Amino acid sequence: MKRPTIADVARRAGVSKGAVSYALNGQPGVSEATRQRILAIAAEIGFNPSRAARSLSGATADAVGLTLCRPARTLGIEPFFMELISGVEAELSARSYALTLQVVADQEAEVAVYRRWWGERRVDGVLVCDLRTDDRRVPVLEELGLPAVVIGGPAGTGGLASVWSDDAAALVETVEYLVALGHRRIARVGGLPALLHTEIRTEAFARVCRRLGLADAVTVPSDYTGEEGARATRRLLSSATRPTAVIYDNDVMAIAGLSVAQEMGLAVPTDLSIVAWDDSPLCQLVHPPLTALGRDIPAYGAHAARQLLAVIGGSPASRVQDETAHLTPRGSTAPPRIN
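Residues numbered from 1 in each chain as written. Predicted model: local features only at pLDDT ≥ 70, side-chain atom pairs only at ≥ 80, totals over all residues. Heavy atoms only, no water.

A. How the structure looks around the overall build of the protein chain. What the protein chain contains, in helices and strands, is 14 helices and 12 strands. Expressed as lengths along the three principal axes of its C-alpha atoms, the size of the protein chain is roughly 85 × 35 × 35 Å. A total of 339 residues make up the protein chain; the buried ones form 53% of that total. For the protein chain, long-range pairs separated by at least 24 residues make up 73% of all intrachain contacts whose partners lie at least 6 apart in sequence. Surface summary for the protein chain: the accessible area is close to 14500 Å², and the carbon and sulfur share equals 55%. Averaging the coordinates of the 35 positive side-chain charges in the protein chain and doing the same for the 37 negative ones gives two points 5 Å apart. (Helix = DSSP H or I, 4+ residues; strand = E, 2+ residues; numbered from the N terminus. Buried < 20%, exposed > 50% of the residue type's maximum accessible area, 1.4 Å probe, protein only. Contact = heavy atoms within 4.5 Å. Areas by Shrake-Rupley, 256 points an atom, 1.4 Å probe, with all protein chains shown as cover. Lys, Arg positive; Asp, Glu negative; His and termini not counted. Charge placed at Lys NZ, Arg CZ, Asp CG, Glu CD.)

Listed below in structure tokens is the structure:
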């Protein structure tokens, strides 16, 4: 005889398979009357899948989830996420936890993944990256009661726990360093504008430039790829008020910018100084090596994973400030040839 399935329960109850999952796992989303009817039908036809049985008995999945809403081509070349995941994995493996990773196309798909993971008890909690302004994932996670730690903030995280780094302070340090070298025309090639940390950096850059009287300061949005970083650099270096220094929101764009400057016959650092965000081995392999804002990204990931495991264990949500990125001067920055 064919083993009963969740579809059989849903058909007999006249509800969706998702509603059956919510009912079996004790999650919100169905009325109490519907829950009891679904449970009765499941018992009647002998539906008792191992996952539902485990969740009803209170067992854990011993796994945490991470979804990434970035183009695959970006994830494949950007060292930040690989280093972050390595830190998360190191912490989880030491506690015999697994990491469930999924790349999604948009926030709608990401929310659907959270609902499925939690409804099916595939994970005990999730790490949330790339916080956005008015991020709809935050209220959904709060509604589900799914343990979560946001990697970012401190604003916009609602009641969720978070681990964050002071991007504004790091950007102010960088601009003040370039001004101390004698630069007055400073530009920035930013990341995806919809991301909250991009907005924080953009506002901090504008504030410090106003304070220091840098009238020609400008931010050009980009998407973290080398192609867009190169395109933004060409526009900046072809302008009438060509900057003498450019800050890039990641290492890949900074390296692309270095290549464009050299193609255009500009000497780095005498004609153009370059600073990269998130130091990496790539920054030290190019010539000249890039001045960069760096921090221990694997440790950042490990701290986030450790906090998530604490939340899963019942600890209250908290906001933890991690290490601020610090500037490491190298050969790509110097006093400008033209003040």
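What follows picks up the thread again.
B. Fine view of the nonpolar core. One finds Leu84, Leu92 and Leu127 to be the most contacted residues of the largest nonpolar core, which totals 25 residues. Elements that contribute at least two residues to this core include exactly strand E1 (63–68), helix H6 (79–94), strand E4 (148–151), strand E5 (161–164) and helix H14 (297–312). The biggest single contributor to this core is H14, with seven residues. In this structure leucine 84 touches Cys129, Ile151, Ile297, Tyr300 and Gly301, once residues within four positions along its chain are discounted. Within the second largest apolar cluster, 23 residues are counted, among which are Ala232, Leu236, Leu258 and Leu266. (Core = buried A, V, L, I, M, F, W, Y, C linked by side-chain atoms within 4.5 Å.)

C. The packing of helix H1 (residues 6–13) against helix H2 (residues 17–24), seen in detail. Axis separation between H1 and H2 bottoms out at 8 Å; the angle between their running directions is 100°. The angle between the axes of H1 and H2 places the two elements in the roughly perpendicular class. Mapping the contact onto sequence places Ile6, Ala7, Val9 and Ala10 in H1 and Lys17, Val20 and Ser21 in H2. For the contact of H1 with H2, the per-class residue count stands at five nonpolar, one polar and one charged. (Axes fitted to C-alpha atoms, helices over the stretch in contact; angles between N-to-C directions. Parallel < 35°, antiparallel > 145°, perpendicular 65-115°, else oblique. Nonpolar A, V, L, I, M, F, W, Y, C, P; charged D, E, K, R; others polar.)

D. Geometry of helix H11 (residues 226–237). Counted at 1.5 Å a residue, the expected span for H11 with its 12 residues is 16 Å, and the 16 Å between its end C-alpha atoms agrees. By the burial criterion, the buried members of H11 are Gly226, Gly229, Ala230, Ala232, Thr233, Leu236 and Leu237. Projected onto a plane normal to the axis of H11, the buried residues spread over an arc of 165° and lie on a single side. In this fold, the buried residues of H11 make contact with strand E6 (186–189), strand E7 (218–220), strand E8 (245–248) and helix H12 (251–263). (Expected span 1.5 Å × (residues − 1). Arc of directions from axis to C-beta.)

E. Local environment of the state of the cysteines. Scanning all chains against the criterion turns up zero disulfides. In this model cysteine 69 remains outside any disulfide bridge; the closest cysteine sulfur is found in cysteine 129, 11 Å from its own. On the basis of relative accessibility, which here comes to 14%, the residue cysteine 69 falls in the buried class. Using a relative accessible area of 4% as the deciding quantity, one classes cysteine 129 as buried. (Disulfide = S-S within 2.5 Å.)

F. Seen up close, the packing of aromatic side chains. Evaluation of the coordinates by the stated rule reveals one aromatic pair. For the pair phenylalanine 80 and phenylalanine 81, a centre-to-centre distance of 5.3 Å together with 80° between the ring planes defines the contact as edge-to-face. Take phenylalanine 80: its relative accessible area is 15%, and that puts it in the buried class. Sitting over the face of the ring of tryptophan 277, arginine 201 holds its NZ or CZ atom 3.6 Å from the ring centroid. The ring of tyrosine 300 carries arginine 295 above its face, with NZ or CZ at 4.6 Å from the centroid. (Phe/Tyr/Trp six-rings, centres within 6.5 Å; stacked < 30°, edge-to-face > 60°. Lys NZ or Arg CZ within 6 Å of the ring centre and 35° of its normal.)

G. Representation of the pairing of strand E10 (residues 291–294) within the structure. Here E10 shows no split at all, with Thr291 and Leu293 on one side and Ala292 and Gly294 on the other all buried. Bridge analysis of strand E9 (residues 273–277) against E10 gives three bridges, and the strand direction is parallel. Across the sheet, valine 275 pairs through a bridge with threonine 291, a residue of E10. Pairing of E10 with strand E12 (residues 326–328) involves three bridges; the strand directions are antiparallel. What sits directly across from alanine 292, in E12, is threonine 328. (Pairing = 2+ DSSP bridges.)

H. Representation of the pattern of salt bridges in the model. Here the structure, examined in full by the defined rule, presents 16 salt bridges. For the salt bridge of arginine 115 with glutamate 143, the shortest nitrogen-to-oxygen distance reads 4.0 Å. With arginine 115 in helix H7 (residues 107–119) and glutamate 143 in helix H8 (residues 137–144), this residue pair connects regions lying 28 residues apart in the sequence. Through salt bridges that share partners, Asp167, Arg188, Arg201 and Asp249 make up one connected network. (Salt bridge = Lys/Arg side-chain N within 4 Å of Asp/Glu carboxyl O.)

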